[in-house]
Amino acid sequence: MTIGADPARVFQLINRFLCEHSEVGRYATMFFGILGLNGRLDYINAGHPPPLLLRRGEVTVPFVDGFYPVGLLPDIGYATSRAELQPDDTLILFSDGVTEAMDPNERMFGVPGLCGVLAGLQKAPLDHLQKAILESVRKFTHGASQGDDITLLLIRYRATVQSAMT
């Protein structure tokens, strides 16, 4: 971001750099967002699993705009998408290791499994949500070895006094 505040330009430069300097077929998925005090989320999703939104106890997948991963195609263009968060909304960002975690019969935990854990937990503290997700994945896999990392980032938007008054 030191080259400017335009996320799309930053992604294009990262993409071009990775295409020029990494092995063929190596790429990275990324989700990048800037959350403003007013709840505006400007984001780019480059091939990463779309975050979930927990709002009033219901889980949705509203961040469906996406692009190719970085490092895959050198001349791909990226653009910023926008969403509006409401007070107490919770974003659930996760690596594909969460939804692709498999049980001994090679069934995946999946997005429905993740949504099922989160439904109705709007008021739960973030550390409780994190523990609930990780415990559900652990129980689902019954100790089966996993082929990918399991990473979570939970963000709860709290309206500022100023933005709540407007």
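To start, this report covers the structure provided alongside it.

Cut-off values and rules
Residues numbered from 1 in each chain as written. Predicted model: local features only at pLDDT ≥ 70, side-chain atom pairs only at ≥ 80, totals over all residues. Heavy atoms only, no water. Pairing = 2+ DSSP bridges. Helix = DSSP H or I, 4+ residues; strand = E, 2+ residues; numbered from the N terminus. Axes fitted to C-alpha atoms, helices over the stretch in contact; angles between N-to-C directions. Contact = heavy atoms within 4.5 Å. Core = buried A, V, L, I, M, F, W, Y, C linked by side-chain atoms within 4.5 Å. Buried < 20%, exposed > 50% of the residue type's maximum accessible area, 1.4 Å probe, protein only. Polar contact = N/O pair within 3.5 Å; in protein donor to acceptor, adjacent residues only side chain to side chain. Phe/Tyr/Trp six-rings, centres within 6.5 Å; stacked < 30°, edge-to-face > 60°.

Taken in spatial order, the three strands line up as E1-E2-E5 in an open sheet, and their pairing is antiparallel. Looking along the sheet, the strands with just one partner apiece sit at the ends: strand E1 (30–35) and strand E5 (81–84). On average, each strand axis in the sheet is inclined to that of its neighbour by 25°, with strand direction left out of account. Here E1 runs beside strand E2 (residues 40–46); their pairing, made up of six bridges, is antiparallel. By the bridge assignment, Ile-34 is partnered in E2 with Asp-42. Of the strands in this sheet, E1 and E2 are in contact with helix H1 (residues 7–21), which crosses E1 at around 155°.

Moving on, we get to the nonpolar core. Among the nonpolar cores identified, the biggest contains 19 residues, and Leu-52, Ile-92, Phe-94, Val-98, Leu-114, Leu-118 and Ile-133 are the most heavily contacted of them. For this core, the secondary-structure elements that each account for two or more residues are strand E3 (52–55), strand E6 (90–94), helix H3 (110–118), helix H4 (126–141) and strand E7 (152–156). Excluding anything up to four places from it in sequence, Leu-114 contacts Leu-52, Phe-94, Val-98, Thr-99, Phe-109 and Ile-133. Among the nonpolar cores identified, the runner-up in size contains ten residues, and Phe-31, Leu-53, Leu-91 and Tyr-157 belong to it.

What follows concerns the environment of Arg-156. As for its placement among the helices and strands, Arg-156 is situated in strand E7. For the pair Arg-156 and Ile-92, spaced 64 residues apart in sequence, the C-alpha separation works out to 8.9 Å. Among the polar contacts listed, one links the side chain of Arg-156 to the side chain of Thr-90, at a separation of 2.8 Å. Within the structure, Arg-156 has its side chain in polar contact with the backbone oxygen of Ala-124 (distance 2.9 Å).

Applying the stated criterion across every chain yields a total of six aromatic pairs. Through pairs of rings, three or more aromatic residues link up here, namely Phe-11, Phe-32, Phe-67 and Tyr-78.

One non-glycine residue, Arg-56, adopts positive backbone phi at about 50°. Among the structural elements, Arg-56 can be located in the loop between E3 and strand E4 (58–60). Its relative accessible area of 64% is what places Arg-56 among the exposed residues. The phi dihedral of Glu-106 falls on the positive side, at around 65°, and the residue is not glycine. Turning to its location among the elements, Glu-106 is positioned in the loop between helix H2 (96–99) and H3.

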